[in-house]
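Listed below, chain by chain, are the residues.
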Amino acid sequence: MSRPGLFITFEGIDGAGKSSHIEGLAAAFRTQGRTVTVSREPGGTPLAEKLREMVLNDPMDALTESLLIFAARRDHLRNVIEPALARGEVVLCDRFTDATFAYQGAGRGFDLGVLSTLERLAQTGLAPEASLMREPDLTVWFDLAPEVAAERLVGARVPDRFEAQPVEFFRRVAQGYADRAAAAPQRFARLDAAQDRHRVWQQLTSVFVRKGWLAIMVATQGGPQ
Ligand SMILES: Nc1ncnc2c1ncn2[C@@H]1O[C@H](COP(=O)(O)OP(=O)(O)OP(=O)(O)O)[C@@H](O)[C@H]1O
Ligand SMILES: Cc1cn([C@H]2C[C@H](O)[C@@H](COP(=O)(O)O)O2)c(=O)[nH]c1=O
């Protein structure tokens, strides 16, 4: 019997620790016989990666930023996410639309109603059920205080347009994520990302074990050292 695809997204402010765990989770799914597509936003296709370079590096206003992000998202959905889900794969995506509401909406102060309209336009009509607006089956939210995230990122890499923002910007973004999680508690799983890597990994795998998506053994093995 074929298994349904799973669309799982990872969210949090810059430096919250998402990327440190996504490959480990992909390996855990593969060990249990699933085919996994790992991707990211903005990005995930040649066109969307070009748009990512612009969004992360070129000066622009919040509407332009939002339009480019949703254009990248539509291309990514059409060419990577929807085909993988149709094949029954697990799709692990580093950021998705919650990031747009958190960064462009809460962080930049851009109109949430316009973002909802763009969301519906960009994310509808791509799945076999044409009226479906694609949303994640689960969103893992790495919740971390902006001050701690900033400490983790010091010297880690050259900051892009977002990472160069002051801590007040990330306080608004963090509140944006909290608001999104409160509005869709059944979709969000919050992790305490302030804990050490091993404990974050344990929290992460526990979420998937509780859902019945991973067998219990992976909760005690693997993960970053
Ligand atoms: N639990 C942790 N405790 C301490 N440091 C951590 C932890 N998890 C990750 N880090 C470190 O924090 C930094 C940011 O981690 P990572 O790149 O995984 O975050 P991210 O959420 O993917 O960030 P971004 O979205 O900006 O790419 C890295 O230097 C990483 O080694
Ligand atoms: C999807 C998405 C992303 N962003 C921002 C958030 C990050 O600062 C960068 C992506 O960098 P990462 O190291 O890959 O996390 O882009 C955004 O502002 N809006 C979005 O929708």
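About the cut-offs
Residues numbered from 1 in each chain as written. Chains lettered and ligands numbered in written order. Predicted model: local features only at pLDDT ≥ 70, side-chain atom pairs only at ≥ 80, totals over all residues. Heavy atoms only, no water. UniProt positions renumbered as here; feature names shortened; annotations may be inferred. Phe/Tyr/Trp six-rings, centres within 6.5 Å; stacked < 30°, edge-to-face > 60°. Helix = DSSP H or I, 4+ residues; strand = E, 2+ residues; numbered from the N terminus. Buried < 20%, exposed > 50% of the residue type's maximum accessible area, 1.4 Å probe, protein only. Near = heavy atom within 4 Å. Polar contact = N/O pair within 3.5 Å; in protein donor to acceptor, adjacent residues only side chain to side chain. Areas by Shrake-Rupley, 256 points an atom, 1.4 Å probe, with all protein chains shown as cover. Nonpolar A, V, L, I, M, F, W, Y, C, P; charged D, E, K, R; others polar. Contact = heavy atoms within 4.5 Å. Core = buried A, V, L, I, M, F, W, Y, C linked by side-chain atoms within 4.5 Å. Pairing = 2+ DSSP bridges. Axes fitted to C-alpha atoms, helices over the stretch in contact; angles between N-to-C directions. Expected span 1.5 Å × (residues − 1). Arc of directions from axis to C-beta.

The name that an unreviewed UniProt entry assigns to the protein is Thymidylate kinase, with the source organism given as Acidovorax benzenivorans. A UniProt comment under Sequence similarities (unreviewed entry) is attached to the protein, and it reads "Belongs to the thymidylate kinase family."

S.K.: Would you take a moment to explain the packing of aromatic side chains for this structure?
M.R.: Here the structure, examined in full by the defined rule, presents 8 aromatic pairs. Both rings, one in Tyr103 and one in Phe170, keep their centres 6.4 Å apart while their planes meet at 80°; by these two values the pair is edge-to-face. Note that Tyr103 is positioned in helix H4 (residues 97-107) and Phe170 in helix H7 (residues 167-183), a separation of 67 residues in sequence. Each member of the pair, Tyr103 as well as Phe170, is classed as buried. For the pair Tyr103 and Tyr177, a centre-to-centre distance of 6.4 Å together with 80° between the ring planes defines the contact as edge-to-face. Of the two residues, Tyr103 sits in helix H4 while Tyr177 sits in helix H7, which places them 74 residues apart along the sequence. Accessibility assignment for this pair places Tyr103 and Tyr177 in one class, buried.

S.K.: Help me understand the site of ligand 1 in this model?
M.R.: Taken together, 14 residues lie near ligand 1, and Lys18, Ser19, Ser20, Arg157 and Arg197 sit nearest. Between ligand 1 and Arg152 there is a distance of 3.2 Å, counted from a nitrogen atom to a side-chain nitrogen or oxygen. Within the side chain of Arg197, a nitrogen or oxygen atom sits 2.6 Å from an oxygen atom of ligand 1. Taking 630 Å² as the accessible area of ligand 1 by itself, protein coverage stands at 78%. By residue class, the composition of the shell around ligand 1 is 1 nonpolar, 5 polar and 8 charged.

S.K.: Explain the side chain of Ser66 to me, please; I cannot follow it from the model alone.
M.R.: Among the secondary structure elements, Ser66 is positioned in helix H3 (residues 62-86). In this structure the side chain of Ser66 is engaged in a polar contact, spanning 2.7 Å, whose partner is the backbone oxygen of Ala62. Apart from the residues lying within four places of it in its own chain, the contact partners of Ser66 are Gln104, Phe110, Leu115 and Leu118.

S.K.: Can you walk me through the side chain of Thr100 in this structure?
M.R.: Its location among the elements puts Thr100 in helix H4. Accessibility expressed as a relative area gives 1% for Thr100, which makes it buried. The contacts of Thr100, once residues within four sequence positions are left out, are Ile69, Phe70, Arg73, Gly105 and Leu115.

S.K.: I'm lost on the nonpolar core in this one. Help?
M.R.: Nonpolar side chains in soluble globular proteins tend to be buried together. With 48 residues, the main nonpolar core has Ile8, Phe29, Leu92, Tyr103 and Phe208 as its most contacted residues. Here Leu92 is in contact with Ile8, Phe10, Ile22, Leu25, Ala26, Phe29, Val36, Thr37, Val38 and Ser39, once residues within four sequence places are set aside. Core analysis: the next-biggest nonpolar cluster, separate from the first, contains 9 residues, Ile81, Leu85, Phe96 and Leu126 among them.

S.K.: I keep staring at the sheet that holds strand E4 (residues 138-143) and nothing clicks. Help me out?
M.R.: Within a sheet, each strand pairs with its neighbour through backbone hydrogen bonds, oriented either parallel or antiparallel. If you walk across this open sheet you meet the 5 strands as E2-E3-E1-E4-E5, and the pairing is parallel. Edge positions in the sheet fall to strand E2 (36-40) and strand E5 (188-192), since each of these pairs with one other strand and no more. Here the strands of the sheet are splayed against their neighbours by 20° on average, with no regard to which way each runs. Relative to strand E3 (residues 90-94), strand E1 (residues 6-11) runs parallel, the two being bridged by 5 bridges. In the sheet register, Thr9 faces E3, and the bridge partner there is Cys93. Lying on the sheet, helix H8 (residues 197-210) is in contact with E1, E4 and E5; it crosses E5 at an angle near 160°.

S.K.: How should helix H5 (residues 112-123) be read in this particular structure?
M.R.: Because an α-helix packs 3.6 residues into every turn, residues spaced three or four apart end up facing the same way. Counted at 1.5 Å a residue, the expected span for H5 with its 12 residues is 16 Å, and the 16 Å between its end C-alpha atoms agrees. If you check which residues of H5 are buried, you get Leu115, Leu118, Glu119, Ala122 and Gln123. All buried residues of H5 project into a common sector of 105° when viewed along the axis, lining one side. In this fold, the buried residues of H5 make contact with H3, H4 and H7. Sitting at the head of H5, Asp111 places a side-chain oxygen 2.7 Å from the backbone nitrogen of Gly113. Just downstream of H5 lies Gly125, where phi reads positive at about 80°.

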